[in-house]
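Architecture at a glance
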Amino acid sequence: QVQLVESGGGLVQAGGSLRLSCAVSGRTVSRNTMGWFRQAPGKEREFVGAMTGSGGRSTYANSVKGRFTISRDNAKNTVYLQMNSLKPEDTAVYYCAVQRGTKLTISTATYDYDYWGQGTQVTVSS
């Protein structure tokens, strides 16, 4: 019943920008915390950032703070990850996810997220 469809990944040069989209069905993005994670080859899945439902407050990993921004379009029930000033170390598969429950909190742990998108590849060249 819950589905997340991601898009927007691709190849970009260092210093460039990409915007990832996550269209959600079965959950309302203005009521659930929505998270973004990434996983590089050989590494564990890493928290990137998240936005709460009510209030739309965001938290970001230190590695992306000031470069990445989460936004949403409630009418489209879609969340976005705007990625600017991209670095080669940002290369990874990026996933959006729905946090379990509707509490006004942000978890950085993968096990607190129940539903995941299929992932979209972001590759940043030197």
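The paragraphs below set out a description of the structure included in this document. If you're wondering where the values come from, they're calculated on a predicted model, not measured in any experiment.

What counts and what doesn't
Residues numbered from 1 in each chain as written. Predicted model: local features only at pLDDT ≥ 70, side-chain atom pairs only at ≥ 80, totals over all residues. Heavy atoms only, no water. Phe/Tyr/Trp six-rings, centres within 6.5 Å; stacked < 30°, edge-to-face > 60°. Helix = DSSP H or I, 4+ residues; strand = E, 2+ residues; numbered from the N terminus. Lys NZ or Arg CZ within 6 Å of the ring centre and 35° of its normal. Buried < 20%, exposed > 50% of the residue type's maximum accessible area, 1.4 Å probe, protein only.

Further remarks concern the packing of aromatic side chains. By the definition in use, this model includes five aromatic pairs. Relative to Trp116, the ring of Phe37 lies with its centre 5.0 Å away and its plane at 55°, an arrangement referred to as tilted. Of this pair, Phe37 sits in strand E4 (residues 34–39) while Trp116 is found in strand E10 (residues 113–116), placing the two residues 79 residues apart along the sequence. Centroid distance Tyr95 to Trp116: 6.3 Å. Interplanar angle 80°. Geometry classified as edge-to-face. A residue pair is termed long-range when its members are at least 10 positions apart, and Tyr95 in strand E9 (residues 92–99) and Trp116 in strand E10 qualify at 21 residues. Among the aromatic residues, those joined into a cluster by ring pairs are Phe37, Phe47, Tyr95, Tyr113 and Trp116. The cationic tip of Arg45 hangs over the ring face of Tyr95; the distance from NZ or CZ to the ring centre is 3.8 Å.

Bringing the environment of Phe68 into the picture now. Along the chain, Phe68 falls in strand E7 (residues 68–73). The exposure class assigned to Phe68 is buried, which follows from its relative accessible area of 2%. When the C-alpha atoms of Phe68 and Val2 are compared, they prove to be 26 Å apart, with 66 residues separating the residues in sequence.

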